[in-house]
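Listed below, chain by chain, are the residues.
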Amino acid sequence: MLRLEKTIPARRHVVEFTWVTRFHPFGAYSSARKRMNLSVQADCFWCGSAFKDDDTTMLAGRAKGKNVLLCEKCADRAASGEGTAL
Ligand SMILES: [Zn+2]
(Lines give C-alpha, C1' and ligand atoms only; values in the text may rest on other atoms or scores of the structure.)
Protein backbone atom coordinates (compact mmCIF):
# COMPACT_ATOMS: atom_id res chain seq x y z
CA MET A 1 0.00 0.00 0.00
CA LEU A 2 1.27 3.48 -0.90
CA ARG A 3 0.64 6.25 1.53
CA LEU A 4 1.42 9.90 2.25
CA GLU A 5 0.98 11.33 5.70
CA LYS A 6 1.40 14.78 7.25
CA THR A 7 0.30 16.59 10.37
CA ILE A 8 -2.11 19.46 9.76
CA PRO A 9 -2.04 22.21 12.39
CA ALA A 10 -5.26 22.64 14.36
CA ARG A 11 -7.64 25.13 12.85
CA ARG A 12 -7.98 28.41 14.71
CA HIS A 13 -11.36 30.11 14.77
CA VAL A 14 -11.25 33.86 15.30
CA VAL A 15 -14.22 36.20 15.53
CA GLU A 16 -13.66 39.94 15.84
CA PHE A 17 -16.01 42.24 17.69
CA THR A 18 -16.13 46.00 17.37
CA TRP A 19 -17.93 46.57 20.67
CA VAL A 20 -19.47 44.76 23.62
CA THR A 21 -21.91 46.11 26.18
CA ARG A 22 -23.81 44.90 29.23
CA PHE A 23 -27.29 43.81 28.17
CA HIS A 24 -30.42 42.56 29.96
CA PRO A 25 -30.58 39.62 32.36
CA PHE A 26 -31.36 36.56 30.26
CA GLY A 27 -34.88 36.10 31.74
CA ALA A 28 -35.94 39.66 30.78
CA TYR A 29 -34.36 39.36 27.33
CA SER A 30 -35.97 36.01 26.56
CA SER A 31 -39.47 36.93 27.79
CA ALA A 32 -39.40 40.18 25.78
CA ARG A 33 -38.26 38.37 22.64
CA LYS A 34 -40.88 35.63 23.10
CA ARG A 35 -43.59 38.25 23.57
CA MET A 36 -42.60 39.72 20.20
CA ASN A 37 -42.42 36.27 18.61
CA LEU A 38 -38.70 36.64 17.95
CA SER A 39 -36.04 33.98 18.21
CA VAL A 40 -34.11 33.65 21.47
CA GLN A 41 -30.38 32.94 21.67
CA ALA A 42 -30.35 30.60 24.66
CA ASP A 43 -26.60 30.14 25.06
CA CYS A 44 -23.35 32.03 24.76
CA PHE A 45 -22.28 32.52 21.13
CA TRP A 46 -18.68 31.63 21.93
CA CYS A 47 -18.56 28.98 24.67
CA GLY A 48 -22.10 27.62 24.25
CA SER A 49 -22.93 27.65 27.96
CA ALA A 50 -26.67 27.93 28.52
CA PHE A 51 -27.92 31.17 30.05
CA LYS A 52 -29.95 31.00 33.25
CA ASP A 53 -32.72 33.55 33.85
CA ASP A 54 -30.68 35.73 36.20
CA ASP A 55 -27.46 35.64 34.15
CA THR A 56 -26.38 38.97 32.72
CA THR A 57 -26.03 38.78 28.96
CA MET A 58 -23.45 40.80 27.05
CA LEU A 59 -24.41 42.09 23.62
CA ALA A 60 -21.51 42.10 21.17
CA GLY A 61 -21.24 43.54 17.68
CA ARG A 62 -19.31 41.32 15.34
CA ALA A 63 -17.04 42.96 12.77
CA LYS A 64 -18.76 40.67 10.23
CA GLY A 65 -22.24 39.34 10.91
CA LYS A 66 -25.11 39.97 13.27
CA ASN A 67 -24.86 41.02 16.90
CA VAL A 68 -24.66 38.10 19.32
CA LEU A 69 -24.98 37.43 23.04
CA LEU A 70 -21.92 36.46 25.05
CA CYS A 71 -21.68 35.33 28.65
CA GLU A 72 -19.82 37.69 30.99
CA LYS A 73 -16.80 35.37 31.08
CA CYS A 74 -16.32 35.40 27.31
CA ALA A 75 -16.97 39.16 27.10
CA ASP A 76 -14.34 39.74 29.81
CA ARG A 77 -11.84 37.57 27.94
CA ALA A 78 -12.42 39.46 24.70
CA ALA A 79 -12.21 42.86 26.42
CA SER A 80 -9.06 41.99 28.34
CA GLY A 81 -7.19 40.93 25.24
CA GLU A 82 -7.00 37.33 26.47
CA GLY A 83 -9.54 36.19 23.91
CA THR A 84 -7.74 33.02 23.00
CA ALA A 85 -9.46 29.72 22.31
CA LEU A 86 -10.97 27.82 25.23
ZN1 LIG B 1 -19.32 32.28 26.93
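The model shown is predicted, which means the values in this text are computed figures rather than measured ones.

Visitor: Describe the overall build of the chain, and please don't skip the residues or the numbers.
Guide: Secondary structure summary: the chain contains two helices and three strands in total. Of the regular secondary structure in the chain, the N- to C-terminal order runs β-α-β-β-α. Compactness check: the chain gives a C-alpha radius of gyration of 17 Å against a globular reference of 12 Å for 86 residues, more than 25% above the reference. Summarising its shape, the C-alpha atoms of the chain cover approximately 60 × 30 × 25 Å along the three principal directions. Counting across all 86 residues of the chain, residues that qualify as buried make up 20%. Taking as baseline every contact in the chain between residues at least 6 positions apart, the subset at least 24 positions apart corresponds to 59%. Summed over all atoms, the accessible surface of the chain reaches about 6900 Å², with 52% contributed by carbon and sulfur. For the chain, the centre of its 14 positive side-chain charges and the centre of its 9 negative side-chain charges are spaced 8 Å apart.

Visitor: Which residues make up the environment of Gly-65, and what values do they have?
Guide: Secondary-structure assignment places Gly-65 in the loop between β2 (56-62) and β3 (68-70). Exposure remark for Gly-65: the relative accessible area of 54% places this residue in the exposed category. Along the backbone, Gly-65 and Ala-75 are ten residues apart, and their C-alpha atoms lie at a distance of 17 Å.

Scoring rules and cut-offs
Numbers given for residues are sequential positions, taken from 1 along each chain in its written order. Reporting in this predicted model follows two pLDDT cut-offs: at least 70 for local features of residues, and 80 or more for side-chain atom pairs to be given and counted; totals over whole chains, interfaces and linings ignore these cut-offs and use all residues. The basis for every side-chain value is the complete set of non-hydrogen atoms in the structure, without hydrogens or water. Strands here are runs of E lasting at least two residues and helices are runs of H or I lasting at least four, both read from the DSSP assignment and numbered beginning at the N terminus. Here the globule rule reads 2.2 Å times residues to the power 0.38, and the radius of gyration is calculated from C-alpha atoms. Residue exposure (1.4 Å probe, protein chains only): buried if accessible area is under 20% of the type maximum, exposed if over 50%, otherwise partly exposed. Here a residue-residue contact requires only that any non-hydrogen atoms of the pair lie within 4.5 Å. Accessible surface area values rest on a Shrake-Rupley calculation with a 1.4 Å probe, where residue burial reflects the displayed protein chains alone. Only four residue types enter the tally: Lys and Arg on the positive side, Asp and Glu on the negative side, with His and both chain ends excluded. To locate a charge, take NZ of a lysine, CZ of an arginine, CG of an aspartate or CD of a glutamate.

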